[in-house]
Amino acid sequence: MNILKVWSKRFFMTFLFLLALSTTYQSISGVEAQTVASYLVNHEEASQENEDALLSHQKKAIGLSFKFLEKISELTPLISSTEAVASPPQTLEEAFDWTKYPKKQIIATGYTAGIESTGKNPGHPLYGITYSGVKVKRDLYSTIAADLSVFPIGTILFIPNYGYGVVADKGGAIKGNKVDLYYETVEDVYEQWGKQTVDVFVVKLGNGSLTEADLKDLNENETMQVFRQQFMKKES
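So, here's what we can say about the structure. Not measured: the values here are computed from a predicted model.

This part covers the overall build of the chain. Helix and strand counts for the chain stand at 7 helices and 6 strands. Across the chain, helices and strands are ordered from the amino to the carboxyl terminus as α-α-α-β-α-β-β-β-β-α-β-α-α. Across the 236 residues in the chain, those meeting the buried criterion constitute 25%. For the chain, contacts bridging at least 24 residues in sequence account for 71% of all contacts bridging at least 6. A total of about 16,800 Å² of accessible surface is found on the chain, and carbon and sulfur atoms cover 58% of it.

See the structure below:
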């Protein structure tokens, strides 16, 4: 009996202590103990919900990634390693239909402005000056020498593997179906041409005159610059 009273008294005192403690906490913080308990429970539930939402989001992201990879694997490559990416630029020989121009077989040799071809040294006042009055030139449209009774001054020929030749000069040994193709050095003559029998195409017959302006206009024609760049690259 005494033990029961003692435990009852202790329980009652503990209850009062807890009640007083709760009342004190509420008076200081303004928050009821029940509210604190609810917050803890709700916070735990909210944390669990956030974790579940995050996990769900991650699962969706992974799923989308796999779908994206599957979509990529279905795509047909636009460029194949077995196919040419781009065709090489056309040469003059390939770019035009030369069969529409009159064709003539000639014997073509090479010449320079030097003493070996013209008998003139660099100090000569007419060194590098052609019969037409223009300076010798190796370009997309180069100066060439011909028999003027066959190809008058200003005649434009297309010579395969040489390019365009504009008749600007004549020569004592250039008779009949012969032409001299201008090169800047003797080495170029031997290495790039020599002497050949070729079919040339008569693009335009000359009227007997040729000026520096005419030659410049031909070489600077905008529609021909891609071929001129090819020529410059080859020469360099």
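As a further point, take the pattern of salt bridges. For the structure on display, the rule yields 2 salt bridges. Among the salt bridges present, the one from Lys137 reaches Asp139, with a minimum N-O distance of 3.8 Å. With a relative accessible area of 32%, Lys137 lands in the partly exposed category. Note that Asp139 and Arg228 form a salt bridge whose closest N and O atoms lie 2.8 Å from each other. Note that Asp139 is positioned in the loop between α4 (115-118) and β2 (141-146) and Arg228 in helix α7 (residues 225-235), a separation of 89 residues in sequence.

Counting 38 residues, the largest nonpolar core has Tyr164 and Leu181 as its most contacted members. For this core, the secondary-structure elements that each account for two or more residues are β1 (103-111), β2, β3 (156-159), β4 (163-169), β5 (178-182), α5 (186-193) and β6 (195-204).

On to α5, then. Looking at α5, one finds that the buried residues are Asp188, Val189 and Trp193. One side of α5 holds all its buried residues, which, seen down the axis, span an arc of 105 degrees. With respect to the buried face of α5, the exposed residues turned more than 90 degrees away are Tyr190 and Glu191. The secondary structure elements touched by the buried residues of α5 are β1, β3, β5 and β6. Positive phi appears at Gly194, one or two residues downstream of α5, with a value of about 80 degrees.

All right, on to α7 then. For α7, the full list of buried residues reads Phe227, Arg228 and Phe231. Take α7 and look down its axis: the buried residues cluster within an arc of 100 degrees, on one side only. Relative to its buried face, α7 has exposed residues pointing more than 90 degrees away, namely Gln229 and Lys233. On the buried face of α7, the contacting elements are α3 (92-95) and α6 (212-219).

Relative to the helices and strands, Asn161 is located in the loop between β3 and β4. It is 8.0 Å that separates the C-alpha atoms of Asn161 and Glu93, two residues lying 68 residues apart in sequence. With near-sequence residues (within four places) excluded, Asn161 lies in contact with Glu93, Trp193 and Lys234.

In total, this model carries 11 aromatic pairs according to the counting rule given. Aromatic side chains Tyr111 and Tyr182 sit 5.6 Å apart centroid to centroid with 65 degrees between the ring planes, which places their arrangement in the edge-to-face category. One end of the pair, Tyr111, is in strand β1; the other, Tyr182, is in strand β5, and 71 residues separate them in sequence. For Tyr182, a relative accessible area of 7% gives the class buried. Residues Tyr141 and Tyr164 carry aromatic rings whose centres are separated by 4.3 Å and whose planes lie at 10 degrees to one another, so their mutual orientation is stacked. Of the two residues, Tyr141 is situated in strand β2 and Tyr164 in strand β4; the sequence distance between them amounts to 23 residues.

Rules of the game
Residues numbered from 1 in each chain as written. Predicted model: local features only at pLDDT ≥ 70, side-chain atom pairs only at ≥ 80, totals over all residues. Heavy atoms only, no water. Helix = DSSP H or I, 4+ residues; strand = E, 2+ residues; numbered from the N terminus. Buried < 20%, exposed > 50% of the residue type's maximum accessible area, 1.4 Å probe, protein only. Contact = heavy atoms within 4.5 Å. Areas by Shrake-Rupley, 256 points an atom, 1.4 Å probe, with all protein chains shown as cover. Salt bridge = Lys/Arg side-chain N within 4 Å of Asp/Glu carboxyl O. Core = buried A, V, L, I, M, F, W, Y, C linked by side-chain atoms within 4.5 Å. Arc of directions from axis to C-beta. Phe/Tyr/Trp six-rings, centres within 6.5 Å; stacked < 30°, edge-to-face > 60°.

These figures capture arrangement, not role.
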